[in-house]
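# A closer look at the structure
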Amino acid sequence: MKTYQKIDNKEGTNILKEVTDIANDIHLVDLSTLSLFQCEGGRCAEMQGYVFVGGKIHKCNNGNCSNDVPAEEKVTAEACNALTAVGKVIETSTKIQLCMYGVTPAVADVSNSDTYYLGPDATHIKKYIGNNENNIIALPKPEIGYFLVNNYKISTTGNIIKCDGGENCIKMDTTANCATDIGKFNSDKKLCLAANKASAAIGTNGSYIMSYDRNSAFWSILKTSGTTKLLIKMDTESITVDTSMTSICVNDDTLAATAKSGSCATGSTEYTCNTSGLCIQGGSALVQSTEKKLEACHAGCSGETTERGTKTYCIDTDKKIYPIDDQNKCKGSGVLAEGAHLFKISNPASDITEITKTTGKIISTEAEDLALYQCNSSKECKQVEGYVKLVTYTELQNEPSNWASIYTSYYSDTSDAAASTTWTPPVYSKNENSYYYVTKNGALSTGSSFSSTCNASDVGKISSSGVICISSGKTVNFGTNAKQYLVTNGSAQWYMEFNTDYIIKTQISGTLVSGANVFNTEKLELVNYSSTSNENLTAAKNNLVLYNCDVSVGKLCLQSIGYIKSSDGKFEISDNNPGTKNKASTGYECNTSGKLGALSNNAAKLCVIKGTSNENDAKLAEFDNGYYYIASPATESIFTGKTGAIVRTADTFMILDNLFGNSGAKTPVVINTDTMKEQSVGIDLESNSGKLKLYECAEGQCTLTVGFIHGTGSNYYEAKASTTASAKFTLITSCAKNVGKMKTDGKFCISSVDEEAVPLTTNNDYIIHDGTDFKYVRIVENIASIGSITETITDGVNRINTETATVIAHGTNDALKTALSDDFSKLALYYCDTGKEICKRTYGYFKTSDSTYYSVSPTETSVLSLASSCSSSNIGLLFTGYKLCLTGAAGDNLTFGTNNGNYQLKSALPIAEGNAFSPENNLDLVIEIAANTIAVNPIYYRTLSEGINILYVGATDKKITDSTDISGATIPATDVPSIQIYGCTDSKCVRTYGYIQDAAKKYAIKNGAANAEVSSAVANCNTIGLLYTDFKLCVDSNTANVVAFIADTAIGNYIINAPADNVFTNTASNSILIRASKSVFVLNNFEVEEGEKYILKEGNDYHQYSYSSGLMTKVTSATDVGSYDLITSTDDTFYRVADLTDTSIYADSAKVAKVALFDCDANGACTQEYGYYKADSRYFKIGADSNALVDSTQCSAIGLLLNTGKLCITSGSETTGLDFATGNNIIEYLISDLASTNAFIGSGTGIAIVKATANYIILEKKVGISLLKFDSTTSILTDFTAGDCTSNPTKVTLLDCKSTGICTKVPGFVKDTNYYTVAASGGASALSGDNAEVTLEAVTGTDHCKDNVGKIGAYSGKKYLCLTADLSIDLSTTGNFVIGTPTANTILAGNTNKMLIVTDTYIAVDSTVTGTF
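Below: a short report on this structure. (Residues numbered from 1 in each chain as written. Predicted model: local features only at pLDDT ≥ 70, side-chain atom pairs only at ≥ 80, totals over all residues. Heavy atoms only, no water.)

Here the focus is the pattern of salt bridges. Working definition: two side chains of opposite charge can pair if their charged atoms are close together. Taken as a whole and judged by the stated rule, the model has 32 salt bridges. Between K1291 and D1271 there is a salt bridge, with its nearest N and O atoms 3.6 Å apart. Remark: D1271 occurs in strand β105 (residues 1264–1271) and K1291 occurs in the loop between α6 (1284–1287) and β107 (1292–1297); sequence separation between them is 20 residues. Residue K1291 is classed as partly exposed on the basis of its relative accessible area of 28%. In the salt-bridge network here, residues are joined through shared partners; they are D416, K430 and E432. (Salt bridge = Lys/Arg side-chain N within 4 Å of Asp/Glu carboxyl O. Helix = DSSP H or I, 4+ residues; strand = E, 2+ residues; numbered from the N terminus. Buried < 20%, exposed > 50% of the residue type's maximum accessible area, 1.4 Å probe, protein only.)

Okay, the packing of aromatic side chains next. Going through the model one piece at a time under the given rule, you end up with 35 aromatic pairs. Ring centres 3.5 Å apart and planes at 10 degrees place the aromatic pair Y853 and Y882 in the stacked group. On the criterion of sequence distance, the pair formed by Y853 in strand β70 (residues 853–856) and Y882 in the loop between β72 (878–879) and β73 (883–884) is long-range, its members being 29 residues apart. In this arrangement the basic side chain of K430 is found over the ring face of Y411, its NZ or CZ atom lying 5.6 Å from the centre. A cation over a ring is seen here: K505 above W494, with NZ or CZ 4.6 Å from the ring centre. (Phe/Tyr/Trp six-rings, centres within 6.5 Å; stacked < 30°, edge-to-face > 60°. Lys NZ or Arg CZ within 6 Å of the ring centre and 35° of its normal.)

Among the 5 residues that make up strand β37 (residues 467–471), 5 are buried, leaving the element largely enclosed by the rest of the structure. Connecting the antiparallel pair β37 and strand β38 (residues 474–477) is a turn made up of 2 residues, with G473 showing a positive phi of about 85 degrees. (Pairing = 2+ DSSP bridges.)

On to the sheet that holds strand β30 (residues 370–375), then. Hydrogen bonding along the main chain pairs the strands of a sheet, whether they run parallel or antiparallel. Spatially, the 4 strands line up as an open sheet ordered β28-β27-β30-β31, and their pairing is antiparallel. On the outer flanks of this sheet lie β28 (351–355) and β31 (381–384), each paired with one strand and no other. Ignoring which end each strand starts from, the neighbouring axes of this sheet average 35 degrees apart. One ladder, built from 5 bridges, connects strand β27 (residues 339–347) with β28; its direction is antiparallel. Bridging across to β28, K344 finds its partner in T353. (Axes fitted to C-alpha atoms, helices over the stretch in contact; angles between N-to-C directions.)

Right, let's talk about the side chain of Q374 for a bit. Along the polypeptide, Q374 turns up in strand β30. Ignoring sequence-local partners within four residues, the contact set of Q374 consists of G339, A340, E380, C381, K382, V384, E497, Y502 and I504. (Contact = heavy atoms within 4.5 Å.)

Turning our eyes to something else, we now look at the state of the cysteines. Enumeration over the complete set of coordinates arrives at 21 disulfides. At a sulfur-sulfur separation of 2.0 Å, the disulfide partner of C375 is C381. Its torsion about the S-S bond being 105 degrees, the disulfide of C375 and C381 is classed as right-handed. The exposure classification of C375 matches that of C381, with both residues buried. Between C1160 and C1166 runs a disulfide, and the two sulfur atoms are separated by 2.1 Å. An S-S torsion of about 110 degrees defines the bridge between C1160 and C1166 as right-handed. We note that C1160, like C1166, is buried. C1285 carries a free sulfur, and the closest cysteine sulfur to it, the one in C1297, is 19 Å from it. (Disulfide = S-S within 2.5 Å.)

What follows is the structure, given as structure tokens:
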């Protein structure tokens, strides 16, 4: 074993240097250049294996050691406790070890001195070698032969294993009958060499001659000529090929062989052997040929016309293939027709069978006999190499332990005769979709294959599921018809012709280059067109095809059209029609009537933008490097019919660049409208910000779309529709209500969840819902392209053509292939919920309406191959009956359309290689079984019902039960460990924890601990968060405040200070929010968002809180009126900040109905308010009677707001209304005659004060008497100030307002520089006339105020108010007083026995309180 590293890291490099010190010479960055080789005699073969670098194991495969080790190939030391773990690697902190369960130690090093043969069962035994530093374990191809293995090592005793040249060895039984079982061992451990002849027991030294048999380990060496034998040698540990002797004598009875010296003794036969150990009887040297081909026909074959049964075929000098009958005569009329013909050449002279491609049957060991010929329209044929699909039968070597339960899945022969209930060899398994690479030396089923991801090194290869890698990341399914590709892996190139049932693969000479390549399909060679004259190109034009290639990155070539520069001019190649391959025409003027896309007069340049009058101001593309957009190529252009053509130019060509979109999807490109040339992005675009148009291009044609383009830093530009110029985009801060927009962190919102936003850095596609419809998004570096989707997204799995963004309806297989143009790399599955407006990429299995089954994995889409049974090694696969092997149990029976629902696939299980689901990040998957799909439901937890969801998984069937109400259910005890709680809103679901109760029991679903039944309650609430007597929740230490499980639809929210180890957070947490709803107490971590503010009703009071890091903190800073959204419709205790700028709320009356206005102070105390709220240019009524979007246009009632923002104060007058304030101003208005039903009070009429800001107009409750100024012209109220009685006497007003908000204007006096009267209608007047100040003779005694009740009098330098004839009060005394019957015509007249409010500044009548004397 040797380790080599590429000298540099360029594709195609094939010079390597040996690495002798992995630990010191290799670093993580070197892994992609590292290879493991098995070398012998100067020849080296690459191996798979593992290396330990950087504290981690990495897998080596295909010349690359940077791969992660698949989960199914590794195990922990603790899990090395079963046969299924044998042969898996174990990662320690310093080295690699292997699991060798069954020996001591079970976890072992693999040193340079030991070779191990390990496997989890009798048919998957691999060879392992290592090094003394324990940092390499390699899996070399086992040597061909039989070996004795004990404790996993070669030994002189133990079990016999057979290694036949494949990747795996198998354990042999010792039950053979040597009359028929050549290549097997009898009960004496003797190898059956020929009919009724056996060797000595294995472990005995000696050499033998062995006959041909397919059971033999040496089948791949022995050829099908019946005269050929193989020389083998036996030693104490093995039986292998003996290449040490040339001339031998073979004992006729024992078949023992010895070196010939002189003549062979009587009873012995002379054989001659070659260096491969192959021997023939006699003294002539054996000439070995491994080539499988038809022999030449005998002379005169073409003239024969016999028609007897065919026994073989030959190829004649006329290059035609003739059948040969059993009399060795040619069947002249049976000349094979045009097309490909597949032969099984068992014996070239006597046994050749033509096999029907796709449906033909072979035994797996017969693959080496296959040969492929291709015949043209003249029936002239040649041998070719390529791919075919056959039905393959593989013989089982040993009886499975569960044979009686699985025998119905096996066959006794290739006619599908059923196997017997009793193990009776031969027994075959059947694979209806086996793919072979047929070479001139037979066929290989694995020698030219790739397993999963299609990398550059895999180009030209086929996967086991029939997917052909034609470039890095691009595949084409076997069965794609009438397609031709030039492909390259960087060091070699092939011409591949795709047909319905075969693919011809021909290696070609020359070197492909990026850009235009001209290929001669007759000579199968590349043409150096720039050194070839137009005359010579014209002579060969019938066979010339233009290919556009990318040989540096994608390694893909697609047939294209365009102009090329020959050695003496321009030449055009458009398609396979010879009449369109000619010397290029020029001379088209690029003026107002010019020919877009044609070559102009001006030095044969390409007309890109027409001139206004002539070519002087036209845009002409030269033969230089660039990409140009041509909207509508003229009929004179070679690109005619290619609307929106994207043309690549270089110094020798101008071609349609159909490599845009070569990965099976459209590729976004930015075009500068000034030049119609591709605009570079990721650079300063400010000067071109209005000239950017975004197109999606596929196969060289582009369509206009919209999206975002990144310049530099935080500069993003929005590309808009055709008539709108692009512009710099104002970035948003949150994805909530902003799907399809760019955030301030440079990420694109693919959903309303910020954490799911993606940067414009890596290529990926998404389906989003922008609030209006589903859209298809393509992201490449610095670009997000947003396009429409054709056809309708439905709930569940949607099949999407990623190139056209089209939903493919469920239908027949032919319809599916047509929808994908036979290119299954375009197919993607998306799981969608139209109600939640979510779509996410998914993987799994689906079937067509005519029952063709497909597997769609992250790496490929292929026709489904079934596993034979469900076992621990087939988890994640579909097995016989199209059932899902979910747990590894033989009884798994989930299939399409039965047991529909969601099921859990545990990531900890040994998920089988080749499964479609491919769990990542050790996450359990939700698998949905539906009528036509078995696929991952990636949005299951996002689409649960709003509120609390209780989930539990069936212990046996793994079906997920989801319930929002378990109060009447009884959860099986076996399912309790799997219970999970999810809290959901309309936009997200979050896992949470707490207590639940079903019909019989209570359970603690604890964060960080196992689920458990709560069988007893605590006796006090010293520990908050536990369940007290009757299983009520302790929300504080006072048992009087405990909260019972809710039995109806009510909801409550409580803030508690939970200690460490609490069920909700498992850590000491002050001020966590707990939600109580039907049968649950849970941590409310789903109805809150980081940094947001909330209103919580506690008792009868509202308080404002902010949420941060899982805790609720009371707001203690000054706030103002804000709009808040009631979180649930069944509860009025919990509100969050409402975004009334969200346009989706406008048409949703239910959402509008949940909005409330709160006015919060600096202590966090809040008061609910009513009125109108302004959001952007729209207005909302948040009323005491109801909520609504304001849409009124007429003042039908006073206090009504119009959609113009005017508040009606005069019925029928829409122009005299009141306005919202501007800026930070606050305005108070007095509204007279408020309508009986109104936003501010609900029901009640009269005078009201409202407060207006820029965002709201709400009721202002000034309870009690207020001295104000009222401007009847503007309706504005302001505070009274000294001097107003003389400067603004008409505005002075006394208002008496009640707690309802209804006010009354009342009469009284105002003290300014002097006392003034204030009329009930408003207005201040000096004391005069009936209200003139009087002079009192006394302030006590009977009748001292007679005839002056209600007047102000003066006495001894003081002012008094006469309350009755006998009573007056000193006005320096404030308080509440009752007045008798005021004197007629005074300001207080008519207010008999009313309460007067006396203050330092006013005397006013209380309009509602009446007293008595």
